[in-house]
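Listed below, chain by chain, are the residues.
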Amino acid sequence: MKITGVELRRVELPLVSPFRTSFAVEHSRNALLVRVVTPGAEGWGECVSIDEPVYSSEYTDGAIDVLRRFLIPAVTNGDDVTAVAVAPRLAHIKGHRMAKAALEAAVLDAELRSAGMSLASRLGGTATSVPVGVSVGIKDDIGALLDEVSGYLESGYGRIKLKIQPGWDVEPVAAVRDRWGPRLPLQVDANTAYTPADLRHLTRLDEYDLLLIEQPFDEEDIASHARLRQISTTPVCLDESILSAAGAADAITRGAVDIVNIKPGRVGGYLEAARIHDVCAAHGIPVWCGGMLETGIGRAANLALASLPGFTLPGDISSSARYFHTDITEPFVAQDGRMTVPTGPGIGVTPLTDALAALTTWSEWITGP
Ligand code: SMG
Ligand code: MG
């Protein structure tokens, strides 16, 4: 497959309410889309970086720069390209996994649309629908938190994830347990907000029977996650620390992880994400699909990934309406805590022309030499 050109496009989707984590408060999602044009089909990918390098070292202006100067030229140099060849072609560029993932996703989508095969089938997915949960940001007070959780439970989500940070951890967890009881599937995510000095404090969460605690410590601090596993009964899940299948194998070997959150953007693409799934399955480690407030483009592809058999825990794949007034694709809707996996060729969805045009803030068309 030859690539005629690649379009980078920024879209701005205002959030229905601010989303606060231990590292930022987001008011709108400035998503970066990659559209790969080939003679046979077009393909779409979404770069999950955010505006500032506060979740990881990547940020969207940086992703645009590295795509434009280094990544896109490596696939538009006139040679035939296949999706499996994208990562090896980009391997000489260090890091920038989110940017690489978006480009690979777009090439993969174009390839699959030409072949008439769905991404779910390509990755080895088996489920036709997957369990999904919702991620709840940090609130000003417990009352506001309970109101928001209550709304999500009424909408039918089957699992709640609370964002936590020092000063907002035991109290919100206790309040949610108190209100909805021990059977509500509940988990927490700290986005690296704790230090090794907090190890003992975090064991206070054990009495609330959480599904997991996600990434309490720095992404490079594998040792503290291993230590927490030794002193706590709450399963430890890694997000930011896992950047590759080799890294997942290493964390498992070092006894640092019970469960892995797989985000295709964080690990360099859907093909590497599927390899992490395989490594975890081989070690009996359950996985689930993380989220980065994706538009319908990224959400569709995440559903395909989550249809693989090792994805046994609900993904951070909520309805479009959880974040956006208007999505750029037909909206995704969770029903009874599940979402349907798209079956059409490629990712199975395409942006709606009018919505895309209305939300676009910038675009650039890049062709080969
Ligand atoms: O897409 O629902 C979603 C977001 C889920 O909490 C979520 N993601 O660390 O897992 C995580 C956070 C990162 C969000 S930063 C954009
Ligand atoms: Mg996380």
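Values in this document were obtained by computation on a predicted structure and should not be read as measured data. (Residues numbered from 1 in each chain as written. Chains lettered and ligands numbered in written order. Predicted model: local features only at pLDDT ≥ 70, side-chain atom pairs only at ≥ 80, totals over all residues. Heavy atoms only, no water.)

This part takes up the environment of Leu-146. Position of Leu-146 among the secondary structure elements: in helix α5 (residues 142-154). Once the C-alpha coordinates of Leu-146 and His-283 are considered, the two residues, 137 residues apart in sequence, prove to be 37 Å apart. Discounting residues that sit within four places of it in the chain, Leu-146 has contacts with Ala-175, Val-176, Arg-179 and Trp-180. (Helix = DSSP H or I, 4+ residues; strand = E, 2+ residues; numbered from the N terminus. Contact = heavy atoms within 4.5 Å.)

When its domains are assigned, the protein resolves into domain 1 (5-116 + 349-367) and domain 2 (121-340). Just the C-alpha atoms count here: the centres of domain 1 and domain 2 sit 23 Å apart. At the interface, 35 residues of domain 1 touch 44 residues of domain 2. For the pairing of domain 1 and domain 2, the buried interface totals around 3400 Å² over both sides, and the portion due to carbon and sulfur atoms is 67%. In this assembly, domain 1 and domain 2 are joined by one salt bridge. In this structure, the salt-bridge partner of Arg-20 is Asp-140, at a minimum N-O distance of 3.5 Å. Elements with a minimum of two residues in the side of domain 1 that touches domain 2: β1 (5-20), β2 (25-37), β3 (42-47), α2 (83-90), α3 (97-115) and α14 (353-359). Broken down by element, the residue count for the side of domain 1 that touches domain 2 peaks at eight residues, all from α3. Among the residues forming the side of domain 1 that touches domain 2, the class breakdown is 25 nonpolar, four polar and six charged. (Domains from an automatic or database assignment. Buried area = accessible area lost by both parts, 1.4 Å probe. Salt bridge = Lys/Arg side-chain N within 4 Å of Asp/Glu carboxyl O. Nonpolar A, V, L, I, M, F, W, Y, C, P; charged D, E, K, R; others polar.)

Bringing the site of ligand 1 into the picture now. Around ligand 1 sit 19 residues in total, of which Ser-135, Lys-161, Asn-191, Leu-293 and Tyr-323 are the nearest. The contact in question runs from an oxygen atom of ligand 1 to an N or O atom on the side chain of Asn-191, over 2.7 Å. In this structure, an oxygen atom belonging to ligand 1 sits 2.8 Å away from a main-chain N or O atom of Leu-293. Relative to its unbound accessible area of 430 Å², ligand 1 is 100% covered by the protein chains. In the shell around ligand 1, the residues fall into seven nonpolar, three polar and nine charged. Three or more residues apiece are contributed to the shell around ligand 1 by two domains, here domain 1 (5-116 + 349-367) and domain 2 (121-340). (Near = heavy atom within 4 Å. Polar contact = N/O pair within 3.5 Å; in protein donor to acceptor, adjacent residues only side chain to side chain. Areas by Shrake-Rupley, 256 points an atom, 1.4 Å probe, with all protein chains shown as cover.)

With that settled, the discussion passes to the packing of aromatic side chains. Applying the stated criterion across every chain, the model contains four aromatic pairs. Pairing Phe-19 with Tyr-323 gives two aromatic rings, centres 5.6 Å apart and planes at 80°, and the pair type is edge-to-face. Of this pair, Phe-19 sits in strand β1 while Tyr-323 sits in helix α13 (residues 320-323), placing them 304 residues apart in sequence. Of the residues examined, Phe-19 reaches a relative accessible area of 5% and is grouped as buried. Looking at Tyr-323, the relative accessible area reads 6%, which means it is buried. Seen in terms of ring centroids, Tyr-323 and Phe-324 are 6.1 Å apart; in terms of plane orientation they differ by 45°. Their pairing is tilted. Phe-324 shares its class with Tyr-323; the two are buried. Grouped by ring-pair contacts, the aromatic residues Phe-19, Tyr-323 and Phe-324 constitute a single cluster. Lying across the ring of Trp-288, Arg-159 places its NZ or CZ 5.2 Å from the centre. (Phe/Tyr/Trp six-rings, centres within 6.5 Å; stacked < 30°, edge-to-face > 60°. Buried < 20%, exposed > 50% of the residue type's maximum accessible area, 1.4 Å probe, protein only. Lys NZ or Arg CZ within 6 Å of the ring centre and 35° of its normal.)

Moving on to the pattern of salt bridges. Scanning the entire structure with this criterion turns up 21 salt bridges. Between Asp-189 and Lys-161 there is a salt bridge, with the nearest N and O atoms lying 3.1 Å from each other. Taken together, the residues span a long stretch of sequence, with Asp-189 in strand β7 (residues 186-189) and Lys-161 in strand β6 (residues 160-163) at a distance of 28 residues. Connected via shared salt-bridge partners are Arg-159, Lys-161, Lys-163, Asp-189, Glu-214 and Asp-316.

Read across the sheet, four strands follow the order β3-β2-β1-β13 without closing on themselves; strand pairing throughout is antiparallel. The sheet is open, and its two edges are formed by β3 and β13 (360-367), each paired on a single side. Adjacent strand axes in the sheet meet at a mean angle of 25° when their direction is disregarded. Two elements, β2 and β3, share six bridges in a ladder whose sense is antiparallel. The partner of Leu-33 across the bridge, within β3, is Glu-46. α3 rests against β2 and β3 of the sheet, and its axis sits at about 155° to β3. (Pairing = 2+ DSSP bridges. Axes fitted to C-alpha atoms, helices over the stretch in contact; angles between N-to-C directions.)

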